[in-house]
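Single-letter residue listing:
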Amino acid sequence: MDSYDAHPRTGRRAAAPAAPSRPRREARSTPEPVFDALVDPQDPFRPSPPSRRELREQEATLALAERREERRPGTMARRTALTFAGSGAALVGVAVATNKAPGEPELDEATRNLVAKPRTTGMPPTAAAPAGTTRTAKVEYQTTAAGKAPKPVAVTVKQPPTVLALTPAVHLARRATWGPTSASVAQIKKMGAAKWLEWQLKPSRIPDPLVAQYLKGFDTLGATPKQLRSWNDARSKQDYWYAHNQLESAAIVRAAWSERQLFEVVVDFFHSRLHVPAHIDKTRDFLNHYDAAVIRKHAFGKFRDMLWAMITNPAMIVYLDNQQNTKFGGNQNLGRELLELHTLGVDAGYKQADVAAAALLLTGLGVDDKTGAMVYRPEQHQTGAVRVFGTRYANASAAAGMTTVKALIANLAKHPKTAHYLALDLARRFVSDAPSKRLVDRLAAVYLKNDTAIVPVLRALFASPEFTHSVGQKYRRPLENAVATMRVLGVRRGDAGQFAQSLGDLRYWLEAGGQSPLGRSTPDGYPDFARPWLSSGGVLGRWNLDMSLVGGWRKGFSQPNVTKILAGATTYGAAVDKLFVALTFQKPSAATRRALLTFLGHSATTKLSPQARAGDYRLRVQLPAVILGGPQHQLR
Amino acid sequence: MTRPATGPGPRTDRQDALVPDSTSEAFLDALPATTPGHDQRPAGMHAGCDCGGDPVVDLGDDDPWRRGFTRRRMVQGSAAMVAALGVQTVSTRYAFAAAPKAADADTVVVISLRGGWDSLNIVVPTFEDRYYQQRPNIAVPKAAALALDRGFGLHPALAGLHKLYGEGKLAPVVAVGTPDTTLSHFEAMDTLERGTARSGTPSGWLNRVLQARGDEGVFSAVQMGSSLPLSLAGDAPALTMSGVQSFGLMGFDDVKAKAATAFASLYKGMKHPLATQVQDTVAAIGKIGKIAPTPDAVAKTYPGGGFGDALKDVARLVKAKLGMTVATIDVGGWDMHTNEGRIDGGDMLNHLKEIDQGLSAFVADLGAAFAGVTVVLISEFGRTLRENGAVGTDHGHGQAMLVLGGGIKGGNVYGAWPGLTDKALYTNGSVAGRTDYRDVLGEVLAKRARVSSFTKIFPDHKPKPLGLATAR
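Reading the values: the criteria
Residues numbered from 1 in each chain as written. Chains lettered and ligands numbered in written order. Predicted model: local features only at pLDDT ≥ 70, side-chain atom pairs only at ≥ 80, totals over all residues. Heavy atoms only, no water. pLDDT = per-residue confidence, 0-100. Contact = heavy atoms within 4.5 Å. Axes fitted to C-alpha atoms, helices over the stretch in contact; angles between N-to-C directions. Helix = DSSP H or I, 4+ residues; strand = E, 2+ residues; numbered from the N terminus. Parallel < 35°, antiparallel > 145°, perpendicular 65-115°, else oblique. Nonpolar A, V, L, I, M, F, W, Y, C, P; charged D, E, K, R; others polar. Phe/Tyr/Trp six-rings, centres within 6.5 Å; stacked < 30°, edge-to-face > 60°. Buried < 20%, exposed > 50% of the residue type's maximum accessible area, 1.4 Å probe, protein only. Lys NZ or Arg CZ within 6 Å of the ring centre and 35° of its normal. Core = buried A, V, L, I, M, F, W, Y, C linked by side-chain atoms within 4.5 Å. Expected span 1.5 Å × (residues − 1). Polar contact = N/O pair within 3.5 Å; in protein donor to acceptor, adjacent residues only side chain to side chain.

**Student:** Is there a simple way to explain the confidence of the model for chain B in this structure?
**Tutor:** Fine structural detail should not be taken from predicted coordinates in areas where pLDDT scores are low. Residue and element names in this part refer to chain B. Averaged over every residue, the pLDDT of chain B is 77; residues scoring 70 or more account for 73%. In this model, residues 1-94 is a region of pLDDT below 50 whose contacts with residues beyond four sequence positions or in other chains number 304 contacts. Counted against residues more than four places away or in other chains, residues 98-102, with its pLDDT under 50, gives 24 contacts. Of the two predicted TM-score estimates for the complex, the pTM is 0.69 and the ipTM is 0.77.

**Student:** Help me understand the packing of helix H10 (residues 242-257) of chain A against helix H12 (residues 287-298) of chain A, please; the structure alone is not making it clear to me.
**Tutor:** Helix packing for two helices is described by the angle between their axes and how far apart those axes are. Residue and element names in this part refer to chain A. Contact pair H10 / H12: the axes reach a minimum separation of 9 Å and the direction vectors enclose 40°. Relative to H12, H10 is oriented oblique. Across the interface between the two elements, Ala 243, His 244, Leu 247 and Arg 254 of H10 pack against Leu 287, Asn 288, Asp 291 and Arg 296 of H12. Class assignment for the residues of the contact of H10 with H12 results in three nonpolar, two polar and three charged.

**Student:** It is not clear to me how the packing of aromatic side chains should be interpreted in this structure. Could you clarify?
**Tutor:** Centre-to-centre distance and the angle between the planes together describe a pair of aromatic rings. Residues and elements named next belong to chain A. Applying the stated criterion to the full structure yields 24 aromatic pairs over all chains. With centroids separated by 6.4 Å and ring planes inclined at 85°, the aromatic side chains of Tyr 350 and Phe 389 adopt a geometry described as edge-to-face. Of this pair, Tyr 350 sits in the loop between helix H15 (333-342) and helix H16 (352-361) while Phe 389 sits in the loop between strand S3 (386-388) and strand S4 (391-393), and the two are 39 residues apart along the sequence. For the pair shown, Tyr 350 and Phe 389 are each scored as buried. When the centroid spacing of 5.0 Å and the interplanar angle of 85° are considered together, the rings of Phe 462 and Phe 467 count as edge-to-face. The exposure class assigned to Phe 467 is buried, which follows from its relative accessible area of 4%. Taken together, the ring pairs connect Tyr 214, Trp 257, Phe 499 and Phe 557 into an aromatic cluster. A cation over a ring is seen here: Arg 493 above Phe 499, with NZ or CZ 5.7 Å from the ring centre.

**Student:** Please clarify how the nonpolar core should be interpreted in this entry.
**Tutor:** Across soluble globular proteins, nonpolar side chains have a tendency to be buried as a group. Residues A:Trp257 and B:Ile111 are the most contacted members of the largest nonpolar core, which totals 238 residues. Residue contributions to this core peak at nine residues, all from helix H9 (residues 347-366) of chain B. Those residues in contact with A:Trp257, other than ones at most four positions away along the chain, are A:Asp208, A:Leu210, A:Val211, A:Tyr214, A:Met486, A:Val491, A:Arg492, A:Arg493, A:Phe499 and A:Phe557. By size, the runner-up hydrophobic cluster in this structure holds 32 residues, among which are B:Val176, B:Val326, B:Tyr414 and B:Val444.

**Student:** Where do I start with helix H23 (residues 496-513) of chain A in this structure?
**Tutor:** Every α-helical turn comprises 3.6 residues, leaving residues that sit three or four positions apart pointing alike. All names here are of chain A. With 18 residues, H23 extends 26 Å between its outermost C-alpha atoms, agreeing within 8% with the 26 Å of an ideal straight helix rising 1.5 Å per residue. Phe 499, Gln 501, Ser 502, Leu 503, Gly 504, Asp 505, Leu 506, Arg 507, Tyr 508, Trp 509, Leu 510 and Glu 511 are the residues of H23 that are buried. Residues of H23 that are buried sit in contact with helix H8 (209-214), H10, helix H22 (478-489) and helix H24 (536-550). For H23, the N-terminal capping position is held by Asp 495, with its side-chain oxygen 2.9 Å away from the main-chain nitrogen of Gly 497. Where H23 ends, the next residue or the one after it, Gly 514, has phi of about 95°, a positive value.

In structure tokens:
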């Protein structure tokens, strides 16, 4: 019993704290000697309790160890043999990655070069692989036992088996937009991927009429704290969360109907990356401004500038308690998350002293109670030289405190660990849950070479062979599924008077499914890998949501025009084909086609009358819902 | 109460966002058969609530609590039921975690009383003069209290529970504390459900119980309601449903089985964890559909409303032997700043009546199966000793927990009693915590659910058994 009671890192027995330990993100009511840590080896924060990541890491290691034990001898050999039966040396990398557990040695460079010859061309295999027919023995997806995202793998560039067709334009649309539409796919094909990307990378030149139309009346987007505070009294009576409700609904509107799709995807990414949650009281007056002035303003700019905007924005200051971070009593929340979540990443190797030092540099950075604007209070700033992860800051004068913070941000932004962490996150978003280390290294280098600019990283990412060969490697999260469904069905605003309510209902469902826009309640943002989103309730929930959208149950959204898709189909077989292609951009396999016809209760050749085409509920509503619930829509 | 113009509104307890706006299509059968909508519930226990420590704004009818104030936090489940704190008479959420392994464990039913229950009027210290001095209007008179051990007494509305106490099935634990010091509903619930004072911990203690036990499978974590309570959040898989009756496909009318088959066949042969989830989901829909309904005569013994329905569903699942290890039920409406009332009327009386009737029906319904069930009642905190000017009480610290079950050594009152002198009271004038709530949970888990290590479940507290449960 209690065999794993030791501290995972230090091996010490975890001692029960004498007094209830303070909640980590809690504003501290009494001054505490935060900064003693810098000079005093008796750092009150040492030994730090294991962070949630450490705990999870430990769990993952334990679970993997257990699984390794369970693994029957010969498994590895069998898998290797199977992959060799495939096509050539490159597949060895797949087998290795399949069996590699954290903690096992990485392949050395030479071996990697041997086994992992990345294709240098950005061209994808064009033939749609008959998925699942030849290589079903291999895993399609790397998963982890615990909640931690899969680590980057040393693996070759090779398209893993997938049930998704490998059409490049569709693949790009699945990743660089909130979900392909026939129009977007046609546009990519017409312009070519590279040109389309460049077009998307300049969003200000892309007209966005639907969003402009639908967001008319959303008057709180970008509103400053001061503005909101002047409206609160009057409007809270109607809706206490009026500003956040607008902002969250706007997030759906923009995702679903904006022409600036890549921009909206990247905005969502950075909202998760530098996350401030909606619907918590602390951020009520601040988030709408944060969205505009930090995330949207800099999503295609330089990360350094975004970080600076973030650290000087009242939303983050208030959310992570930097109001309480003064020389009279510190609060390390913002300092810690700045290193752990916003820049270096938890695995970077910094110490508690670095957190304390970063927090010290942030003392005095607060918010004006009345206006809600950021304010720097030199009289609260703790001066004195400190080191943050190897960089020394003289921090000699309180008057120059903001200059020091700016230097801190600039140094953190351009740190190679930050580059890696951001590159890994981007690759995880756009490529796969466990992107290759090689790709991450490359993207990190691009980021550093371009002075923390984000767009060059995106260019490199979409041009990479790793991207090309990652078809079907992501599982749509609840919000992504909902928006992709709306897009592929061509859903528009329906009854304008009910639009806001329907958006609210949709958010309500998404909340139940665990991913309402901006809703993650902790500062780490939504996880961007499959495991946390896999649950039976989640599966059933998205089936039901897709049904509600196909069925046009919310009157604020238009009823999808399925009859139009079916036009010209004279048999049920043709109808199934037409629907499947329209919704998934690929033809159904023979087995899938059979299953769908069985559901309809018709044979492929059964004649389809025009009346049935327009009125057959099972064909017009239920069948699309079934197709959308399938892997060709749920994966991307 | 009007619905906010631009938000999903306060319908925090129903998964009805998917219900068609119009009933013109034949979807009515898909309507979740759950509790009445928020709007239909009685309002009115809430004026003047300073819920949470945030700046107090008396909004009266525009009280944010009525408007899904903490809606967002429900995502992570923390305050899944917070919106129900003061407004609703009863709001229920219930979660099930079930596992094939559960034959070696009780079904542990955790009932969370949301809002901070005034346990001083539930497990009454009738021997404390100070209690009667500080509560001139709302105290439970000694003569009316149902006698317990050590001079305590149960509220007279709890006659059914008192009977269970007499049978040795109910164990009250007094002066229970949590690490929370904020007296904010959110923070207190967060702390309580994380099972640790470390606020960065993203998973809940119940989920870690499932992980520690290795409970996985179709029913390894089934949650009823639209969102997971934080206690069940985490890596162990979760099955969500708003009720046994309504766990299923919507909009498929008479072809639900066909649709489920179709979904399953679309994923056939795929090697992906999603494919496993899909097969599990389809299997769960099928299994749930086959569970025997509660006979009418038995169903009638449950109180109407969400709490009764939830207990009824829990009993059904226990009796169906799906191997359920954990079920949770949430009952809102305990934030009684006003109209807590006296033993002859008021919100406390009504709430306790429902609790008493529900649990009595539950125990009777289970019959012999009750031997393998343990029920724990806990709130996020207790309330002030002193009554306020509105026939109510305000947020406090220490509370009483109630534990009942086949394996509980009932008939005794557990937990050290700190007394009610000024010196003994918690800083804001409420009962001090002498027993950590994790001591109670830990003992139940250790003795009734074969949990042997608590270092992950309660990372900063080592549970000390009180001796209130027998080993299974």
